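# Descriptive analysis of the structure
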Amino acid sequence: MKKTIIFVLPSLNAGGAQRVVSTLANTLIEEYNVCIIVSYKCKSFYSINPDVKIEFCQPDYNYNSNPNPIQSIINNFRLVNRIVKILKRHKADIAIGFMPVTNVYTIIATKILKIPNIISERANPKYNSFGKAWTYIRKIGYRYADCLVVQTKANKDYFKTYVKSNIEIINNPLDLELLEKRNLQTPKENIVLNVGRLAFPKNQDLLIRAFSNIENTNWKLILVGDGKNFQDYKILIDSLNMQDKIILAGNIKDVYTFYNKSKIFAFTSQFEGFPNALIEAMFYGLACISTDCPHGPSEIIKNNYNGILIPVSDQNSLEENLSKLMQNDTLQNAFSKKAVETTLAFHPTDITLEWTNLINNLIDNYSKK
């Protein structure tokens, strides 16, 4: 008889955690009954297997996103209560939280029901501030986690003071759809690609300014993604008279079309939890240049072997190395080949097996108590 595992996360919108949960749900459905509990109703940005059940704690699209303190407390109690009811109705054998607030909800709900939990931190905790109250609640709540999953050794070291139980490092899996859509025979165009949320941590204005300073007649910079800096970047591009060279493509589900036809991937983050887009670009054989930001890129790219690492916010270094890469097909091809080899470790089959072993061990240990 199949065990039932239930993921808990805030939304199914575009985002790294949502992509990982979607991929894991689609692969784990072969061995388990899988359900995803989502805090508030929304449409899923990623494709999810129809056999995966989705439950919304708040079944209405309209909710108060800026509650006063009293309303916030009431909302939190309601959400935890709703999660408990859903876990009980589905006879969950284990619950897996993603992202800080829903991690805390998951811990409370599973302790009430006396079932095991796994929580997962996706962002860089040193830079992921979400208020003093929730920071304190997280620090206390995480002590009752049965297991915390992170993506980097640096994140594991950070949370050693938070979590009494084990902390596991499990890489993010490549997206199944991206896996299927890769075509290394697609004719490449002179495109420098960036994929990610248009916001301060991703630092795309550095890339825009650097690209505008590089002399080129036949290259384009395409930024795929949306965010609060979209209009600011549009104004910046206009001020540089680069409208024909720099394109803001917005959120695009078929991002694989850009991965397939681009030659270079440029990643300029100030900090990361784990750079999914960088892994995807390397899997598609793009020659990659990335800031050596905390955390992630230096655990993936070996400088001048399978890509280039530059200091964070160093526009001169970005211009120099990006220009060198754009002008050197041999270097592009060398990085491309090594990049593809590097990403073998992120195949969904291998990552899913790591999760399966962890899930089974926790369920077995609980059954012996």
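Residues numbered from 1 in each chain as written. Predicted model: local features only at pLDDT ≥ 70, side-chain atom pairs only at ≥ 80, totals over all residues. Heavy atoms only, no water.

## Topic: helix H8 (residues 230-239)
Think of an α-helix as turning once every 3.6 residues; residues three or four places apart then point the same way. Let me state the cut-off plainly: Note on classification: 1.4 Å probe, protein chains only; a residue is buried when its accessible area is under 20% of the maximum for its type, exposed when over 50%, partly exposed between these limits. We count a stretch as a helix when DSSP gives it H or I for four or more residues in a row; a strand needs E for two or more, and each element gets its number in order from the N terminus. Here the arc refers to the set of directions running from the helix axis out to each C-beta atom. Pairs of residues are marked as contacts when any of their non-hydrogen atoms sit within 4.5 Å.
Inspection of H8 places Tyr 233, Leu 236 and Ile 237 among the buried residues, and these make up the whole buried set. Axial view of H8: buried residues confined to an arc of 100 degrees, hence all on one face. Set apart from the buried face of H8 by more than 90 degrees, the exposed residues are Ile 235 and Ser 239. Those residues of H8 that are buried lie in contact with helix H7 (204-213) and strand S10 (246-250). Just beyond H8, the residue with positive phi is Asn 241, at close to 55 degrees.

## Comments concerning the pairing of strand S9 (residues 220-224)
Going by this rule: In short, DSSP must find at least two bridges between two strands for them to pair. Here the term right-handed applies to a crossover when the path leading from its first strand over the helix to its second strand runs clockwise, the strands being oriented away from the viewer.
With four of five residues buried, S9 is to be regarded as a mostly interior element. Inspection of the sheet shows strand S8 (residues 189-195) paired to S9 by five bridges, in the parallel sense. Bridging across to S9, Asn 194 finds its partner in Leu 223. Of the crossover connections in this fold, the one passing from S8 over H7 to the parallel S9 is right-handed. Across four bridges, S9 lies against S10 in parallel orientation. Across the sheet, the residue bridging to Leu 221 is Ile 246, located in S10.

## Re the sheet that holds S8
Inclusion rule: Note on definitions: angles span 0 to 180 degrees between N-to-C directions of axes, and those axes are lines fitted to C-alpha atoms, for helices only across the stretch in contact.
Taken in spatial order, the six strands make up an open sheet running S10-S9-S8-S11-S12-S13, and their pairing is parallel. Either end of the sheet is taken by a strand with one partner, and the two such strands are S10 and strand S13 (308-310). Looking at each pair of strands side by side, their axes are set apart by 20 degrees on average, direction ignored.

## Things to note about the pattern of salt bridges
This is how it is decided: Any carboxyl oxygen of Asp or Glu that lies within 4 Å of a side-chain nitrogen of Lys or Arg is treated as forming a salt bridge with it.
Tallied over the entire structure, the rule returns nine salt bridges. A salt bridge links Glu 272 to Lys 202, with the nearest nitrogen and oxygen atoms 2.7 Å apart. Taken together, the residues Glu 272 in the loop between strand S11 (262-267) and helix H10 (276-283) and Lys 202 in the loop between S8 and H7 connect sequence positions 70 residues apart. Taken as a pair, Glu 272 and Lys 202 share a single burial class, namely buried. For Lys 234, the salt bridge identified is with Asp 238, shortest N-O distance 3.7 Å. Of this pair, Lys 234 and Asp 238 both sit in helix H8, four residues apart, which is roughly one turn of the helix. According to the relative accessible area criterion, Lys 234 is partly exposed, its value standing at 39%. Judged by relative accessible area, Asp 238 falls into the partly exposed class, the value being 31%.

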